[in-house]
Amino acid sequence: MDAREKEIEKLKDYKYGFSTDIENTRAPKGLNEEVIKFISNIKKEPKWMLDWRLKAFERLKQLKEPNWQKPKYPKIDYQGLYYYSAPKSMDDKPKSLDELDPKLLETYKKLGIPLQEQARLNGIAVDAVFDSVSVATTFKGELNKKGIIFCSMSEAIREHPELVKKYLGSVIPLTDHYFATLNSAVFTDGSFVYIPEGVRCPMELSTYFRINATETGQFERTLIIADKGSYVSYLEGCTAPMRDENQLHAANVELIALDDAEIKYSTVQNWYPGDKDGVGGIYNFVTKRGLCKGKNSKISWTQVETGSAITWKYPSCILKGDNSVGEFYSIAITNNHQKADTGTKMIHLGKNTKSKIISKGISAGFADNTYRGLVDIARNADNARNFTQCDSLLMGNKCGAHTVPYIKNKNSSSNIEHEATTSKISEEQLFYCNQRGLNQEEAVSLIVNGFCKEVLQQLPMEFAVEAQKLVGISLEGSVG
Amino acid sequence: MLQIKDLKAKIDNKEILKGLNLEIKPGEVHAIMGPNGSGKSTLSNVLSGKKGYTVSGDVTYFNENLLELEIEERAHKGIFLAFQYPLEIPGVNTNIFLKTSLNAVKKANGEKELDAIEFLKLVKKKASELKFDENILSRQLNVGFSGGEKKKNEILQMSILNPKLSILDETDSGLDIDALKIVSDGVNASRSKESSFLIITHYQRLLEYIKPDFVHVLINGQIVKSGGSELALELENKGYESLS
Ligand SMILES: Nc1ncnc2c1ncn2[C@@H]1O[C@H](COP(=O)(O)OP(=O)(O)OP(=O)(O)O)[C@@H](O)[C@H]1O
Ligand SMILES: [Mg+2]
């Protein structure tokens, strides 16, 4: 095979692995006050925002990276990274999609994310984040009519400071932990959503994150507020080019649901996982937390994690309002040398709060997959209920699966149920499928999709199809 | 269509098939009878390409060396095995499984795949022919199916895939009298000049419904006697003792 053929073969494995050749504006390399000022300045942020960032940076200096997780990684050189990179063409922010750099439009088209007219047909509002900036938000006008705000975080800081000031950091405090605090200091862009009282958002809102530049970390920040009695379903997707370096992605996502509001947050994460030998890939170290602030509120996380060299995240719910409900549905697939340490925290503070955790971990190759979860029932959380089910599926005998459930129960009226299973795809099942005409990969994909069904069902229709395909693709080559 | 010459199969160094010869022509129905552990299921596995056996001998299927083909390639070329113990696949909807299977075979043969509506029409028709409760098809594949339902589901798949060589491994075991009749009707309905059957059974009764052209007795990995359908009756009366 010549070099070109090799490149093509590699691209077949990860079809999002191309990179876009585009001129960038970058912050100077490294992490320091100057860089933070640079970011804040280029985004034309008000002073309170810069102060907030600097406060986080001060705090960061006293924090150490956590080290209790199962997947270990080589020391990250924080001074060797760029903290801001944006396409030059964004310097004078385009007013409409028509003014957008055609190269960017082309990139999103290749990724299957139509930013232009096609978006209308799909009826999904999309925000697209390219490296450190949001490049386009579709459907704005229509959403505005209902009073819904869906825009980039940078825009929200300028246009809706009262909401941002009130809620930013209210679920993930500045001081939370190393990566969250790092994000608070240097976050670049992300999405902002506000759904006014009593409004049911008429379409799926979606953000598409793309890492393109080299040696660049991506630190996005998303904030979603569902006011009383409102409803929103939000989905994020992620991809990155194939590179031999490990790239850091440390996002913070905060959700706030007021009385009787519901937020459904779905993730399809397909960052570059590294090659077959474990070289390269994204470090996906993300903090996601939702606050069920009001009574009868509900937050539901659904994640399909198939990419990244290391996935390390625990989308969590703080069930503060009485009768509030938290849900976590997860599929984590690790193949080759990928590692995942993921799960959730359900913090029951209010009375009659309920939580449900369904986790499906699939390991193949040399991969290692840990479910880690906490169910915490506070003293005053009368009649709290939790149901947890963790299923692991192993393929081959060189991979690992671990389940680490923590339970802290301080109220005797609570009811906590936990079920866990570990299984293997049996030779007999594969034989049965092959005998019916399915090849090895189709058979594995079918069986694994069956295993994940309860979680896939939670995804909005449009994305469930994509996710099903992804489940098959990410396990390609896992059976010999 | 199928010629088996001196077929031997070993697993874990244990020889199970010990030089088996058999020829099946298009449109013929062959029955195989034989004591437990004689190698009947092993024969169906080897013909369908299951891994794990060390196989020698010649098997020619439509002028091709069958032993060189992958399991799914054999399926694409019309070999169907109704399993003695059909497998459960949790979370996989039975209808979706049937559709995936049919379309995989169609695709491999360069035929047009069926869309959901066309497929449901087909499955409805076939299921009603087999008096198979359609509601079962929206359940997870074989999960919680009764023994008889699993067997009927195999025959339903057979009638949907329309194979050239159907191997039925004890499909009659576990069927009630009515179901036996229905399944036999299903097989008889699929009998044609092009489709052949290899029917493994312990009971002569099935062969009253499905009249075989030949009956073979498999003992200890070899076919020790072949004859017409009267041989089944003889076995029923005398047992295998007299042959071994
Ligand atoms: N994986 C294996 N390892 C060792 N022995 C095996 C294996 N598979 C099958 N055998 C043995 O091979 C012999 C033939 O098995 P096979 O299942 O083909 O019998 P059969 O004729 O179908 O019997 P039955 O009528 O009970 O279904 C049996 O003695 C069985 O125990
Ligand atoms: Mg048998």
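Refer to the preceding data block for the structure.
Residues numbered from 1 in each chain as written. Chains lettered and ligands numbered in written order. Predicted model: local features only at pLDDT ≥ 70, side-chain atom pairs only at ≥ 80, totals over all residues. Heavy atoms only, no water.

**With respect to the overall build of chain B**
Move 1: Within chain B one finds eight helices and 12 strands.
Move 2: A globule of 244 residues ought to have a C-alpha radius of gyration of about 18 Å, and chain B, at 18 Å, matches this closely.
Move 3: Along the first, second and third principal axes, the C-alpha atoms of chain B reach 55 × 40 × 35 Å.
Move 4: Expressed as a percentage of its 244 residues, the buried residues of chain B come to 53%.
Move 5: Taking as baseline every contact in chain B between residues at least 6 positions apart, the subset at least 24 positions apart corresponds to 67%.
Move 6: About 11200 Å² of surface is accessible on chain B, with carbon and sulfur atoms providing 48% of the total.
Move 7: Within chain B, one finds 32 positive and 34 negative side-chain charges whose respective centroids are separated by 1 Å. (Helix = DSSP H or I, 4+ residues; strand = E, 2+ residues; numbered from the N terminus. Rg over C-alpha atoms; globule rule 2.2 N^0.38 Å. Buried < 20%, exposed > 50% of the residue type's maximum accessible area, 1.4 Å probe, protein only. Contact = heavy atoms within 4.5 Å. Areas by Shrake-Rupley, 256 points an atom, 1.4 Å probe, with all protein chains shown as cover. Lys, Arg positive; Asp, Glu negative; His and termini not counted. Charge placed at Lys NZ, Arg CZ, Asp CG, Glu CD.)

**A closer look at the pattern of salt bridges**
Move 1: Evaluated as defined, the whole model comprises 30 salt bridges over all chains.
Move 2: Across the salt bridge formed by Asp368 of chain A and Lys70 of chain A, the nearest N and O atoms sit 3.0 Å from each other. Taken as a pair, Asp368 of chain A in strand S20 (residues 368-377) and Lys70 of chain A in the loop between helix H3 (47-60) and strand S2 (85-87) lie far apart in primary sequence, 298 residues in all.
Move 3: With relative accessibility at 16%, the residue Asp368 of chain A sits in the buried group.
Move 4: The exposure class of Lys70 of chain A is partly exposed, given its relative accessible area of 40%.
Move 5: A salt bridge links Asp213 of chain B to Arg191 of chain B; its shortest N-O distance comes to 4.0 Å. Of the two residues, Asp213 of chain B is situated in the loop between helix H7 (204-209) and strand S11 (214-219) and Arg191 of chain B in the loop between helix H6 (177-190) and strand S10 (196-200); the sequence distance between them amounts to 22 residues.
Move 6: Relative accessible area serves as the criterion here: at 28%, Arg191 of chain B is assigned to the partly exposed category.
Move 7: Each of Asp259, Asp260 and Lys295 of chain A takes part in salt bridges that share partners, so that together they form one network. (Salt bridge = Lys/Arg side-chain N within 4 Å of Asp/Glu carboxyl O.)

**Description of the site of ligand 1**
Residues and elements named next belong to chain B.
Move 1: As a structural note, the neighbourhood of ligand 1 is formed by 15 residues, with Gly37, Gly39, Lys40, Ser41 and Thr42 the closest of them.
Move 2: The separation between an oxygen atom of ligand 1 and a polar main-chain atom of Ser38 is 3.2 Å.
Move 3: Gly39 places a main-chain nitrogen or oxygen 2.9 Å from an oxygen atom of ligand 1.
Move 4: Contact with the protein chains removes 65% of the 640 Å² of surface that ligand 1 exposes when unbound.
Move 5: Taken together, the elements giving at least two residues each to the shell around ligand 1 come down to strand S2 (14-24) and helix H1 (40-48).
Move 6: It is H1 that provides the largest number of residues to the shell around ligand 1, a total of three residues.
Move 7: For the shell around ligand 1, the residue count by class is three nonpolar, eight polar and four charged. (Near = heavy atom within 4 Å. Polar contact = N/O pair within 3.5 Å; in protein donor to acceptor, adjacent residues only side chain to side chain. Nonpolar A, V, L, I, M, F, W, Y, C, P; charged D, E, K, R; others polar.)

**Some remarks on the packing of helix H5 (residues 147-161) of chain B against H6 of chain B**
All names here are of chain B.
Move 1: Closest axis-to-axis distance for the H5/H6 pair is 10 Å, and the angle between their directions is 15°. One finds that H5 runs roughly parallel with respect to H6. Crossing of H5 over H6 shows left-handed handedness. Mapping the contact onto sequence places Lys152, Ile155 and Met158 in H5 and Ala179, Ile182, Val183, Val187 and Ser190 in H6. (Axes fitted to C-alpha atoms, helices over the stretch in contact; angles between N-to-C directions. Parallel < 35°, antiparallel > 145°, perpendicular 65-115°, else oblique. Left-handed = near helix turned anticlockwise from the far one by under 90°.)

**Let's talk about the interface of chain B and chain A**
Move 1: Listed per partner, the contact involves 28 residues of chain B and 17 residues of chain A.
Move 2: Both faces combined, the contact of chain B with chain A buries some 2000 Å², and carbon together with sulfur accounts for 66% of it.
Move 3: The interface formed by chain B and chain A includes two salt bridges.
Move 4: Note that Arg436 of chain A and Glu154 of chain B form a salt bridge whose closest N and O atoms lie 2.6 Å from each other.
Move 5: At the boundary of chain B with chain A, the tally comes to 12 residue pairs in polar contact (both at pLDDT 80 or more).
Move 6: Where the side of chain B that touches chain A is concerned, the elements lending two or more residues are H1, helix H2 (71-76), strand S6 (79-82), strand S7 (89-93), helix H3 (94-108) and H5 of chain B.
Move 7: At five residues, H3 of chain B tops the list of elements feeding residues into the side of chain B that touches chain A. (Buried area = accessible area lost by both parts, 1.4 Å probe.)

Function-wise, these values are silent; they only describe arrangement.
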